[in-house]
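Take a look at the letters that make up each chain.
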Amino acid sequence: MPNQSTCRVCAGTVTEFLDLGDQPLSDAFRLPSDTSTEFTYRLAVGACAECAMVQLMEEVPREKMFHQDYPYLSQGSAVMREHFHSLAERFLSTELAGEDPFVVELGCNDGTMLRTVAEAGVRHLGVEPSGAVGDLAAEAGVRVRKDFFEEATALSIRDQDGPADLVYAANTFCHIPYADSILRGVVALLKPGGAFVFEDPYLGDIVEKTSFDQIYDEHFFLFSATSVDGMARRHGLELVDVERLPVHGGEVRYTLALPGARTPSPAVAALLAEEEARGLHDRAVLDGFADRVRAIRTDLVALLEELKAKGERVVGYGATAKSATTANFCGIGPDLVEFISDTTPAKQHRLAPGSGIPVRPSAAFADPYPGYALLFAWNHAAEIMAKEQEFREAGGKWILYVPVVHVV
Ligand code: SAM
Ligand code: TMP
Ligand code: ZN
């Protein structure tokens, strides 16, 4: 009998299809002097038989992940800075073009999106529970409420600021298991013609690219149009637009509105039909994905051991949250990957969670260049490969592991 849990959306039965083993918190970078026992949980993912939502089998308490020292910064990628800047400009000329508009962003992080809104003098509020990143947003001129968004937060915001034209969340809604409280809050907060727009890694891309490292503690849900459509209806909302995005390895931006308030775009029916046609939620498709994930582990470990036997140096590139899943599922430690190069100050001079691989500032990458770089930040491949041309010219090679292990 496979493992089962209760669906966080509909209380139906969730059946496991992939077990990625005991894992640490993906963003808990430790000081080398820290000898305390690391928190671990079982990372496994399943699908609900009733509503199709793909979700983790075990939930990590939110305060363990999102706290004063949460290290991830949205501003760490030039491509993402441009992505959020152009989206903010689009919002300013569409959703926020009316009289005295108001936007609430969940998980505003360092304010990369909202700073453009703030500069335009438009009323806004970033809701961000992680202290240090929220401080960076405030320093950038963004109005921040240090809090977890949930129904009670939404009611309090509505009391203080009035209803919102737009609620927006990037790479945040999928982090929140209490989806029912979020959606009740959104319904209470939105103006009748308002919209809830959110973008998160897309199950369709994860299955197609076998990007199993998108599965980690913070990514509680792996959304699809099918599962989001059902979840929206359950909460008296309607899925009125979907937009596929190339960022972060493939995402979908969903727009929800009150029923009848907006005419659904043809893209919604098209993506629902595409998911149906490819059997995205079929058990056989999810089992096939799990088989390919285990094959990647076998191939990646074999390649790293072969390179080690040849005396080649392999360095990791990008201490992503994703890299925790990859390293710990595959059993990759400092014996196979010397260190991980990363630009994030709060990750540097620490040890990657679980694997204990040291994290060094990017200057270490070129000092001297290794023969091989394992690209943990494969979702930023174009940006990183463009700026690391000297590594290539020095004879360096990139190791990628999605959709299959390959060297370029
Ligand atoms: N939106 C940014 C982006 O896309 O780059 C940041 C994404 S980061 C992966 C997720 C953020 O969500 C973190 O800054 C975290 O503190 C925040 N977060 C987690 N739970 C939240 C909640 N219930 N309400 C608001 N923010 C939350
Ligand atoms: P993400 O995939 O969750 O956005 O995380 C990307 C990580 O990679 C983050 O820790 C910053 C790091 N990074 C670099 O070290 N160099 C780079 O050029 C880019 C784009 C990211
Ligand atoms: Zn369900």
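Along every chain, residues carry numbers that run from 1 in the direction the sequence is written. Both sets of labels track the order of writing: A upward for chains, 1 upward for ligands. Only residues with pLDDT of 70 or above have their local features reported here, since the model is predicted, and side-chain atom pairs are shown and tallied only from 80 upward, although totals for entire chains, interfaces and linings are computed over all residues. Calculation of side-chain values draws on the structure's entire complement of heavy atoms; hydrogens and water are dropped beforehand.

In the annotation of an unreviewed UniProt entry, the protein chain is listed under the name Methylation protein EvaC and assigned to Lentzea albida.

With that out of the way, let us pick up the site of ligand 1. The cutoff for a nearby residue is simple: one of its non-hydrogen atoms must lie within 4 Å of the molecule or strand. Around ligand 1 sit 20 residues, and of these S74, E128, S130, F149 and N171 come closest. Within the contact set of ligand 1, a nitrogen atom lies 2.8 Å away from a backbone nitrogen or oxygen of F149. Pairing of N or O atoms within 3.5 Å defines a polar contact, subject to two protein rules: one partner must be a possible hydrogen donor and the other a possible acceptor, and residues neighboring in sequence count only if both atoms are side-chain atoms. Taking N171, its side chain carries an N or O atom lying 2.8 Å from an oxygen atom of ligand 1. All accessible areas in this document rest on Shrake-Rupley with a 1.4 Å probe, and a residue is counted as covered only by the protein chains that are shown. Look at ligand 1: alone it shows 600 Å² of surface, and the protein chains cover 97% of it.

Once that is clear, we can look at the site of ligand 2. Surrounding ligand 2, one finds 20 residues, the nearest of these being K322, D342, K347, N379 and K387. Within the side chain of Y72, one N or O atom sits 2.8 Å away from an oxygen atom of ligand 2. K322 has a polar side-chain atom sitting 2.7 Å from an oxygen atom of ligand 2. When ligand 2 is considered free in solution it has 490 Å² of accessible area, and contact with the protein chains removes 96% of it. Runs of H or I in DSSP of at least four residues are treated as helices and runs of E of at least two as strands, each being numbered from the N terminus. If you tally residues by element for the shell around ligand 2, the top one is helix α12 (residues 381–387), at three residues. Ten residues, namely Ala, Val, Leu, Ile, Met, Phe, Trp, Tyr, Cys and Pro, are considered nonpolar, four, namely Asp, Glu, Lys and Arg, are considered charged, and the remaining ones, Gly among them, are considered polar. A per-class count over the shell around ligand 2 returns five nonpolar, ten polar and five charged.

Turning to the sheet that holds strand β17 (residues 397–400), a few remarks are in order. Here six strands make up an open sheet; going across it, the order is β15-β14-β13-β16-β17-β18 and the pairing mixed. With partners counted over all chains shown, the strands left at the sheet margins are β15 (359–360) and β18 (406–407), one partner each. Along the sheet, helix α10 (residues 283–309) contacts β13 (314–317), β16 (372–375), β17 and β18; its crossing angle with β17, the most-contacted strand, is approximately 150 degrees. Two strands qualify as a pair provided DSSP detects at least 2 bridges between them. Residues count as neighbours in contact if any of their non-hydrogen atoms are within 4.5 Å of one another. Note on method: axes are straight lines fitted to C-alpha atoms, helices fitted across the in-contact stretch only, with angles between N-to-C directions ranging 0 to 180 degrees.

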